[in-house]
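What follows is the residue order along each chain.
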Amino acid sequence: MSTLDGPPRFLLLSSFLIPLGSFMVLPFMSVFLHERLGMGLGTVGVVLAVASLVQFSGGIVGGALADRIGLRRTMLWALIVRTAGFIGFLLALRWPPLAVGALILTCCGAALYLPANKAYLVHGVDDERRPAFLSAGNAALNAGMAVGPLVAGPFVLSSPGWLFLAVTALFVLVTAGHARLPPRADGSSLAGRRPSRACWPGWRSCRSPPPRWRSTSTSTSSTSWRCTPSSGPPARSTVWSCCSASRWSSSYSPSPPA
């Protein structure tokens, strides 16, 4: 792990901090909703069942969103949604019904984050180090899940406001760190995206999925796509080299596309 560069190191740290913050709150939701907010046990059971369903089935939506807008953007939106959920817990101390929506938001954020995070990790580490890195990430995840309840247990009923404030601040910091990650240029992050008209003169837009694009090279750092014109034999082809899902530059190849 000593040879890992900045982004993988940060994501490894986040693999500990995110479950740490989440499990400082979520394992105590039944106690908090019943004892602190006065909800009946039957209602608490239904709320927790719906939240669990959202979290464990929402990965399908998370994967589709990552394909559409890119891995880093999906992780950012997921963390923003999750942070909004913890802010909702703070507000629920004054208006208890908000706690239900806050819980659903935090579970939605978890569902959106995990698929994009795993894909980013897979594409960000070379083949030789990937098994060890993913194992370390799982160990960090389990450690955060174990430490979170131990840290927060004494404060759930006595000082929930300070607890929610601390977790919210933690997620704000983690979100800011994710905003500094480089976009990962894997094939999925390019789906549904195309160069802007400003840098693609004389060519028609490719639709999603782009039937006229073919990959010319793929690596963990860059991907090049060759695009043919919509009609007519071209004198030359345009190769679009992308280092992110939203940044494009063009270079030209003298041979027409296959």
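As shown above, the structure is provided for reference.
Now for a quick tour of the structure. (Residues numbered from 1 in each chain as written. Predicted model: local features only at pLDDT ≥ 70, side-chain atom pairs only at ≥ 80, totals over all residues. Heavy atoms only, no water.)

**What about the overall build of the protein?**
Cut-off, in case you're wondering: Only DSSP runs of H or I reaching four residues or more are called helices, and only runs of E reaching two or more are called strands; each is numbered from the N terminus. A 1.4 Å probe rolled over the protein chains alone gives each residue an accessible area, and that area as a share of the maximum for its type sets the label: buried under 20%, exposed over 50%, partly exposed in between. In short, Shrake-Rupley with a 1.4 Å probe defines the accessible areas, and a residue's cover is counted only from the protein chains shown.
Across its full length, the protein carries nine helices and four strands. Each helix (α) and strand (β) of the protein, taken in turn from the N terminus, gives the series α-α-α-α-α-α-α-α-α-β-β-β-β. Taken over 258 residues, the protein has a buried fraction of 40%. Carbon together with sulfur atoms contributes 64% to the accessible area of the protein, which is approximately 13000 Å² in total.

**Description of helix α3 (residues 41–57)**
The line we're drawing: An expected span of 1.5 Å times one less than the residue number is assigned to each helix. Each C-beta atom gives one direction from the helix axis, and the arc is the one those directions make.
The terminal C-alpha atoms of α3 lie 24 Å apart, and with 17 residues this matches the ideal 24 Å at 1.5 Å per residue to within 8%. Turning to α3, its buried residues number three or more, namely V44, V47 and A51. All buried residues of α3 fall inside an arc of 70° around its axis, so they share one side. Of the exposed residues in α3, those oriented more than 90 degrees away from the buried face are G42, V46, L53 and F56.

**Looking at the packing of helix α6 (residues 98–124) against helix α7 (residues 130–152)**
Test applied: Fitted lines through C-alpha atoms serve as axes, helices being fitted only where they are in contact, and the angles separating the N-to-C directions of these axes extend from 0 to 180 degrees. Crossing handedness follows the turn of the near helix against the far one: under a right angle anticlockwise gives a left-handed crossing, and clockwise gives a right-handed one. Contacts were defined at the residue level, with two residues in contact if any of their heavy atoms lie within 4.5 Å.
The geometry of α6 relative to α7 is characterised by a closest axis approach of 9 Å and an angle of 150° between their N-to-C directions. The hand of the α6/α7 crossing is right-handed. For the pair α6 and α7, the contacting residues are K118, L121 and V122 in the first and R130, F133, L134 and N138 in the second.

**Here's the deal with the nonpolar core**
Note on soluble globular proteins: their nonpolar side chains tend to be buried together. Definition in use: By nonpolar core we mean a set of buried residues, namely Ala, Val, Leu, Ile, Met, Phe, Trp, Tyr and Cys, connected to one another through side-chain atoms within 4.5 Å.
Counting residues in hydrophobic clusters, the biggest one holds 43 residues, and the most contacted among them are V25, L33, F89, L103, Y113 and V167. Among the elements of the structure, α1 (6–22), α2 (29–36), α3, α5 (71–92), α6, α7 and α8 (160–179) are those that each provide at least two residues to this core. With nine residues, the single largest contributor to this core is α6. Every residue in contact with V167, bar those within four places of it in the chain, is listed here: G21, M24, V25 and F86.

**Side note on the packing of aromatic side chains**
The description of two aromatic rings rests on the distance between their centres and on the angle between their planes. Stated formally: Centres within 6.5 Å make a pair out of two Phe, Tyr or Trp rings, where for Trp the six-membered ring is used; the pair is then stacked when the planes are under 30 degrees apart, edge-to-face when over 60, and tilted otherwise.
If you walk through the whole model with that rule in mind, you get four aromatic pairs. Aromatic side chains F86 and F89 sit 6.1 Å apart centroid to centroid with 50° between the ring planes, which places their arrangement in the tilted category. Here F89 and F86 lie together in helix α5, a separation of three residues that amounts to about one turn. Across the pair, exposure class does not vary: F86 and F89 are buried alike. With a centroid separation of 5.4 Å and 25° between ring planes, the pair formed by F89 and F164 is classed as stacked.

**Some points on helix α4 (residues 59–69)**
What α4 keeps buried is the set G62, A66 and I69. Here the buried residues of α4 occupy an arc of 95° about the axis, which is enough to place them on one side. Residues of α4 that are exposed and point more than 90 degrees away from the buried face comprise I60 and V61. Positive backbone phi, approximately 105°, marks G70, located one or two places after α4.

**Considerations on the state of the cysteines**
To be explicit about the condition: Our working definition of a disulfide is a cysteine sulfur pair at a distance within 2.5 Å.
Counted according to the given criterion, the structure contains zero disulfides. Free cysteine C107: the closest other cysteine sulfur is in C108, separated by 7.3 Å. Residue classification places C107 among the buried residues on the basis of a relative accessible area of 4%.

**Notes on the side chain of S22**
With respect to the helices, strands and loops of the structure, S22 is situated in helix α1. Leave out the neighbours within four places in its chain, and S22 touches P27, R82, F86 and F171.

**Remarks on the environment of L163**
In this structure, L163 sits in helix α8. Put simply, L163 and F89 are 74 residues apart on the chain and 9.9 Å apart in space, counted from C-alpha to C-alpha. Look past the residues within four positions of L163 in its chain and what remains in contact with it is M24, A152 and V156.

**A look at the environment of P7**
If you trace the backbone, P7 turns up in helix α1. A C-alpha to C-alpha distance of 6.2 Å links P7 and L181, two positions 174 residues apart in sequence. With near-sequence residues (within four places) excluded, P7 lies in contact with Y120, L181 and P182.

Function cannot be inferred from these measures alone, as they are strictly geometric.
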